[in-house]
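# Chains, contacts and geometry: an overview
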Amino acid sequence: MKRFVLLLVTLLFSVFALAAVNINTATKEELDALPEIGPVKAQAIVDYRAKNGPFKTPEDIMKVSGIKEGTFGKIKGMISVSGATTPVAATPAKVETKAAAAAPAAAPAAAPPPPPAPAAKAAAPAAAAAPAAAAAAPAPKADAKAAAAAPAAKDTKMTKAEQAKADKAAKAKAKEDAAKDAKAKSDAKDADAKAKKDADAKAKVDAKAKKDADAKAKKDAKATPVTDAKESKAKTDKAAKDEKAAAAKAAKDAKAADAKAAKDAKAAATTTK
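These notes cover the structure that comes with them. (Residues numbered from 1 in each chain as written. Predicted model: local features only at pLDDT ≥ 70, side-chain atom pairs only at ≥ 80, totals over all residues. Heavy atoms only, no water.)

### As for unusual backbone geometry
Here Glu 36, not a glycine, exhibits a phi torsion of approximately 65 degrees, which is positive. Tracing the backbone through its elements, the reader meets Glu 36 in the loop between helix H2 (28-32) and helix H3 (39-52). For Glu 36, a relative accessible area of 39% gives the class partly exposed. (Helix = DSSP H or I, 4+ residues; strand = E, 2+ residues; numbered from the N terminus. Buried < 20%, exposed > 50% of the residue type's maximum accessible area, 1.4 Å probe, protein only.)

This is the structure in structure tokens:
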């Protein structure tokens, strides 16, 4: 049992020998191997990049809930945002935890098969061969270890294929993001150029309107005295004409009154006679 645990620890250290975890493509298990990144934080990293897209810089991992500067300071030399993932060396505490968790499940496979039931009357040579059979018993354990190591190699191969696929997807996403950024910059540049052109056109219209207004004001100011003089003369002439007409009417009325008075007086004298 102890030898199996030591073998499992050795396998784990050999698998996590190099440190370069691409946080954009690493699996939950590979993220879990990082210092102070347990299953909960590893799942949080996977959920964050699934929702928000790939991390642009290693520092962006601090945007994940539960990962602060202290944790980032311990893993910043072990993570990246590009390239293939080569898992980090697991800490002794994590190795012991993984080994303890794996030991009960592997114990039945490591146990040697029970020896065959002896016959009722076994011959002496069979009894002599028993120690040799006992010495050969560890062979099934070696087979069990090889069988335990085979799935790990298969899983590693599958993980590399998944990583290659994830790297390709990340590169395509990065290319798409770059195209979007370039389009956004181009649109912003066009918008600025249009805004400047519109502002220049408006400034020209405003300048022309001001120039026209100034010219009209000058023209109106120049024409005002002439207009006032004409209006004053017209008013004076009208007043004189009205006065003359009133005098002529008064004279005519007076003359008519005198004629009527003379006529009335003559009529009165005739009546008296």
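### Topic: the pattern of salt bridges
Between side chains of opposite charge, a pair can form as their charged atoms come close. Applying the stated criterion across every chain yields a total of 15 salt bridges. Across the pair Lys 74 and Glu 36 runs a salt bridge whose closest N-O atoms are separated by 2.4 Å. Note that Lys 74 is positioned in helix H4 (residues 69-75) and Glu 36 in the loop between H2 and H3, a separation of 38 residues in sequence. For Lys 74, a relative accessible area of 48% puts it in the partly exposed group. (Salt bridge = Lys/Arg side-chain N within 4 Å of Asp/Glu carboxyl O.)

### Focus on the packing of aromatic side chains
If you walk through the whole model with that rule in mind, you get one aromatic pair. Both rings, one in Tyr 48 and one in Phe 55, keep their centres 5.3 Å apart while their planes meet at 15 degrees; by these two values the pair is stacked. (Phe/Tyr/Trp six-rings, centres within 6.5 Å; stacked < 30°, edge-to-face > 60°.)

### Here we look at the nonpolar core
Ranked by size, the top nonpolar core spans 15 residues in total, and within it Leu 31, Leu 34, Ile 37, Ile 45, Ile 61 and Ile 79 carry the most contacts. Sorting the residues of this core by element identifies H3 and H4 as the ones contributing at least two each. Those residues in contact with Ile 61 that lie beyond four places of it in its chain are Ile 23, Ile 45, Phe 55, Ile 67, Phe 72, Ile 75 and Ile 79. (Core = buried A, V, L, I, M, F, W, Y, C linked by side-chain atoms within 4.5 Å. Contact = heavy atoms within 4.5 Å.)

### Section: H3
Its 14 residues place the ends of H3 20 Å apart at the C-alpha level, agreeing with the 20 Å of an ideal helix rising 1.5 Å per residue. For H3, every residue scored as buried is listed here: Ala 42, Ile 45 and Arg 49. Down the axis, H3 shows its buried residues gathered within 55 degrees of arc, on one side only. More than 90 degrees from the buried face of H3, the exposed residues found are Val 40, Ala 50 and Lys 51. Gly 53 occupies a position one or two residues after H3 and carries a positive phi of about 90 degrees. (Expected span 1.5 Å × (residues − 1). Arc of directions from axis to C-beta.)

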